[in-house]
Amino acid sequence: MYEKYLEQLEEAGKVRNLKERSINCYKNYVSCFLKYQGKEPEQLTCQDVRAFFLQKRTNG
């Protein structure tokens, strides 16, 4: 469902010359966030990111 966005993220990481491991970590975190929110990426807000971080901080 979110493959297009994860591919763009990977491409941006390669352009920035990030290591493959770093790119995969970013992709995993972004994938987790997108699944947690359950919204289309175009609908996400800064508040959604904040809520995700607070939930992760609270629940691990």
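Residues numbered from 1 in each chain as written. Predicted model: local features only at pLDDT ≥ 70, side-chain atom pairs only at ≥ 80, totals over all residues. Heavy atoms only, no water.

**Here we look at the pattern of salt bridges**
Part 1: Taken as a whole, this structure holds three salt bridges when the rule is applied.
Part 2: Two residues, Lys14 and Glu10, come together in a salt bridge whose shortest N-O distance is 3.4 Å. Taken as a pair, Lys14 and Glu10 lie in helix H1 (residues 3-15) at a separation of four residues, close to a single helical turn.
Part 3: Its relative accessible area of 19% is what places Glu10 among the buried residues.
Part 4: A salt bridge links Lys39 to Asp48, with the nearest nitrogen and oxygen atoms 3.0 Å apart.
Part 5: Via salt bridges that share partners, Glu10, Lys14 and Lys27 belong to a single interconnected network. (Salt bridge = Lys/Arg side-chain N within 4 Å of Asp/Glu carboxyl O. Helix = DSSP H or I, 4+ residues; strand = E, 2+ residues; numbered from the N terminus. Buried < 20%, exposed > 50% of the residue type's maximum accessible area, 1.4 Å probe, protein only.)

**Considering the environment of Lys56**
Part 1: Examined against the element boundaries, Lys56 turns out to sit in helix H3 (residues 46-59).
Part 2: For Lys56, a relative accessible area of 33% translates into the label partly exposed.
Part 3: Sequence separation of Lys56 and Ser22 is 34 residues, and the distance between their C-alpha atoms is 20 Å.

**Quick word on the packing of H1 against helix H2 (residues 20-37)**
Part 1: The interhelical angle for the contact between H1 and H2, taken along N-to-C directions, is 150 degrees, at an axis separation of 10 Å. What the angle tells us is that H1 and H2 run roughly antiparallel. In terms of crossing hand, the pair formed by H1 and H2 is right-handed. The segment H1 lies against H2, with Leu6, Leu9, Glu10, Gly13 and Lys14 engaging Glu20, Ile23, Tyr26, Lys27, Val30 and Ser31.
Part 2: Partitioned by chemical class, the residues of the contact of H1 with H2 number five nonpolar, two polar and four charged. (Axes fitted to C-alpha atoms, helices over the stretch in contact; angles between N-to-C directions. Parallel < 35°, antiparallel > 145°, perpendicular 65-115°, else oblique. Left-handed = near helix turned anticlockwise from the far one by under 90°. Contact = heavy atoms within 4.5 Å. Nonpolar A, V, L, I, M, F, W, Y, C, P; charged D, E, K, R; others polar.)

**Comments concerning the confidence of the model for the chain**
Part 1: Overall, the prediction assigns the chain a mean pLDDT of 93, with 100% of residues at 70 or greater.
Part 2: Mean pLDDT across the elements of the chain ranges from a minimum in H3, with 93, to a maximum in H1, with 95. (pLDDT = per-residue confidence, 0-100.)

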